[in-house]
Each structure stands twice: as structure tokens, then as C-alpha cells.
Amino acid sequence: MSKVVVISGASSGIGEATARVLAAAGHQVFLGARREDRLAALASEIGAGYAPLDVTSRESFQSFVDAAADRYGRVDVLVNNAGVMPLSLMSSLKVDEWDRMVDVNIKGVLNGIAAVLPRFVGGGHVVNVASIGAHVVTPTAAVYCATKYAVRALSEGLRQERDDLRVTVISPGVTESELAGTITEDFAASFIEEYRKVALPAAAIGDAIAYAISQPESVDVNEIVVRPVATR
């Protein structure tokens, strides 16, 4: 059944790939991100709706979801995908980057949940994109991993609150995206460059999200970890 799916961070990477996968599967997708020019181009290509979105603003997220509901008459699925990953050693004290990760990776997820829950009638599905970093902590990634562990905790708590709500956590391993572009520390950039040599195509994560969404309403796929075969 075709569903109305709103996607944050949809202008590139996993968000863009997920939009393409879901649109091809017949779903109505509504795209959100800060880079409106990219959104407009993608929306035109795949026949989607879009609106500018700053996930760190509760008002912006609410306006985004309201715009999707106005266009399609309802919202069935939220894909909380937006995230940042400026890795660094904690001893480098890049505290502004820590704040940014908390604002986008945790508060952004909460803002999305707050915006969609009142829109869900007799069901609904929240898909939160976490990371393999929600399961394993790696060098330079302490704060990033902490934010993704938080996403898993929030998701599990939300799942337990309602019998009519589906909640899925998608935890990608290394995946082609622009995340590494936010790294400002040379040591961390070198580490992630080596790590990303076996990166998955972003569409692999889109396929996992499509699988979770496509299950019968009585089936809740709670968590999917997707990583390259070559990853240890």
C-alpha cells in the first residue's frame, strides 16, 4: 500500500537514496533539508513534495510535517535521517561540534517525533537512522556514538509506549555520504578515510528502510544493522 513518507536530510546521501527507493516503490515522499535547491531538483525528478527543514528547530520541523499533511492529507511514516558527524578526539575540546551533534542527532530526532505523533491516526511508523556507532564505539567518535546510542534508547522507549505505533532503528555501517565532510580534525579525517574504503552505496540503506515500511501493519521491524561484508 502506498504510504506518505516524510524524510529529513533528504538532499544527499542516505536521505536522497531513500527518497528515490521509496518513490520508485510507489510511496508518496515529502523531502526536507536545508539545501532547498537540491530538494527542488530531486523532487522534480522523482515527483515528490518538499519544504525547507532545519531539524534543530521544533517550529521548522512542525511546519515541514504540516506542509506534507496539507499536500497529501496525512502522514504515515517519518524517516528521521538528518545527522552530522564531525569526529574528533575529546581532548581536542571541539565543544561547538559536540553541541552541533547533540542538536542535530538527538534534538533533531526528538523534534521529528514531536511533529509527527499527533498526525498519526490508528498507527504510524517512525524510522530513526542511527549508526553502527550506536553499537560499537570507535576512536574519535565518542560524542557521535553517544548521540546514536541515544537514538536507539529513544526508539526503544517510544516503541513501548503505544501498541499501534511501529518504530524501526536503521544502523548503517560505513556508507557513501557527505558525513565525513563535517570533520575538521586531521587525525579523525585520516582515520575515517581509511575506514570508508569499503563503503556501502546509500541505496542499500534505502532498501532496508523500504523493507521495514513494507511489512504488514502487525509486524514491527525494530532494528536493522546494515554494513559492508568486508567490515570486521
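See the structure printed just above.
Draft legend 1. The overall build of the chain, seen in detail. Along the backbone of the chain there are seven helices and seven strands. Along the chain, from the amino end to the carboxyl end, the secondary structure elements read β-α-β-α-β-α-β-α-β-α-β-α-α-β. Rg of the C-alpha trace for the chain: 17 Å, near the compact-globule value of 17 Å for 232 residues, within the 12% margin. Along the longest, intermediate and shortest principal axes, the C-alpha atoms of the chain span 50 × 35 × 35 Å. Split into buried and exposed, the 232 residues of the chain put 51% on the buried side. Expressed as a percentage of contacts within the chain between residues at least 6 apart in sequence, the contacts between residues at least 24 apart total 68%. Across the chain, the centroid of the 21 positively charged side chains sits 2 Å from that of the 27 negatively charged ones.

Draft legend 2. Structural detail: the side chain of Thr 18. Take Thr 18: it is sitting in helix α1 (residues 13-24). Of the polar contacts made by the side chain of Thr 18, one reaches the backbone oxygen of Ile 14; its length is 2.7 Å. With sequence-adjacent residues up to four places away left out, Thr 18 is seen in contact with Ile 7, Gly 206 and Ile 209.

Draft legend 3. Summary view of the packing of aromatic side chains. Throughout the structure, instances matching the rule amount to three aromatic pairs. Both rings, one in Phe 30 and one in Tyr 72, keep their centres 6.4 Å apart while their planes meet at 90°; by these two values the pair is edge-to-face. Placement of the pair is Phe 30 in strand β2 (residues 28-33) and Tyr 72 in helix α3 (residues 58-72), with a sequence separation of 42 residues. Using a relative accessible area of 3% as the deciding quantity, one classes Phe 30 as buried. You can call Tyr 72 buried: its relative accessible area is 18%.

Draft legend 4. Fine view of the packing of helix α4 (residues 95-116) against helix α5 (residues 142-161). Look at α4 against α5: their axes get within 9 Å of each other, and the N-to-C directions meet at 15°. The angle between α4 and α5 falls in the class roughly parallel. Crossing handedness for the pair α4 and α5: right-handed. Taking contact as the criterion, the partners of Trp 98, Met 101, Val 102, Asn 105, Ile 106, Val 109, Leu 110 and Ile 113 in α4 are, on α5, Val 143, Tyr 144, Thr 147, Lys 148, Ala 150, Val 151, Leu 154 and Leu 158. For the contact of α4 with α5, the per-class residue count stands at 13 nonpolar, two polar and one charged.

Draft legend 5. Representation of empty space enclosed by the protein within the structure. Going through the model one piece at a time under the given rule, you end up with one cavity of 30 Å³ or more. Reported here for the largest cavity is a volume of approximately 30 Å³. Around the largest cavity, the lining residues are Pro 86, Leu 87, Ser 88, Trp 98, Met 101, Thr 140, Ala 142, Val 143 and Tyr 144. When residues of the lining of the largest cavity are traced back to their parent elements, those giving at least two are α4 and α5. For the lining of the largest cavity, the element with the highest residue contribution is α5, accounting for three residues. Class assignment of the residues belonging to the lining of the largest cavity gives a composition of seven nonpolar, two polar and no charged.

Draft legend 6. Seen up close, the pattern of salt bridges. Applying the stated criterion to the full structure yields 10 salt bridges. Linking Asp 66 and Arg 119 is a salt bridge whose minimum nitrogen-to-oxygen distance equals 2.9 Å. With a gap of 53 residues between them, Asp 66 in helix α3 and Arg 119 in the loop between α4 and β5 (125-129) connect regions that are remote in the sequence. Under the relative-accessibility criterion, Arg 119 is labelled partly exposed at 33%. Residues joined by salt bridges that share partners form a network here, namely Lys 3, Arg 166 and Glu 217.

Draft legend 7. A look at the nonpolar core. Judged by nonpolar contacts, the single largest core of 39 residues is most densely connected at Val 6, Phe 61, Phe 64 and Val 126. Those elements that provide at least two residues to this core are β1 (4-8), α3, α4, α5 and β6 (166-172). If you tally residues by element for this core, the top one is α4, at seven residues. Sequence-distant contacts of Val 126, defined by excluding residues within four places in its chain, comprise Leu 78, Ile 113, Val 116, Phe 120, Leu 158, Leu 165, Arg 166, Val 167 and Thr 168. By size, the runner-up hydrophobic cluster in this structure holds 31 residues, among which are Leu 31, Val 129, Ala 202 and Val 226.

About the criteria used
- Residues numbered from 1 in each chain as written.
- Predicted model: local features only at pLDDT ≥ 70, side-chain atom pairs only at ≥ 80, totals over all residues.
- Heavy atoms only, no water.
- Helix = DSSP H or I, 4+ residues; strand = E, 2+ residues; numbered from the N terminus.
- Rg over C-alpha atoms; globule rule 2.2 N^0.38 Å.
- Buried < 20%, exposed > 50% of the residue type's maximum accessible area, 1.4 Å probe, protein only.
- Contact = heavy atoms within 4.5 Å.
- Lys, Arg positive; Asp, Glu negative; His and termini not counted.
- Charge placed at Lys NZ, Arg CZ, Asp CG, Glu CD.
- Polar contact = N/O pair within 3.5 Å; in protein donor to acceptor, adjacent residues only side chain to side chain.
- Phe/Tyr/Trp six-rings, centres within 6.5 Å; stacked < 30°, edge-to-face > 60°.
- Axes fitted to C-alpha atoms, helices over the stretch in contact; angles between N-to-C directions.
- Parallel < 35°, antiparallel > 145°, perpendicular 65-115°, else oblique.
- Left-handed = near helix turned anticlockwise from the far one by under 90°.
- Nonpolar A, V, L, I, M, F, W, Y, C, P; charged D, E, K, R; others polar.
- 1 Å grid on protein atoms, 1.4 Å probe; cavity = no way out; pocket = protein on both sides within 12 Å on 5 of 7 lines; lining within 4 Å.
- Points joined across faces, edges and corners; volume = space filled by probe spheres on them.
- Salt bridge = Lys/Arg side-chain N within 4 Å of Asp/Glu carboxyl O.
- Core = buried A, V, L, I, M, F, W, Y, C linked by side-chain atoms within 4.5 Å.

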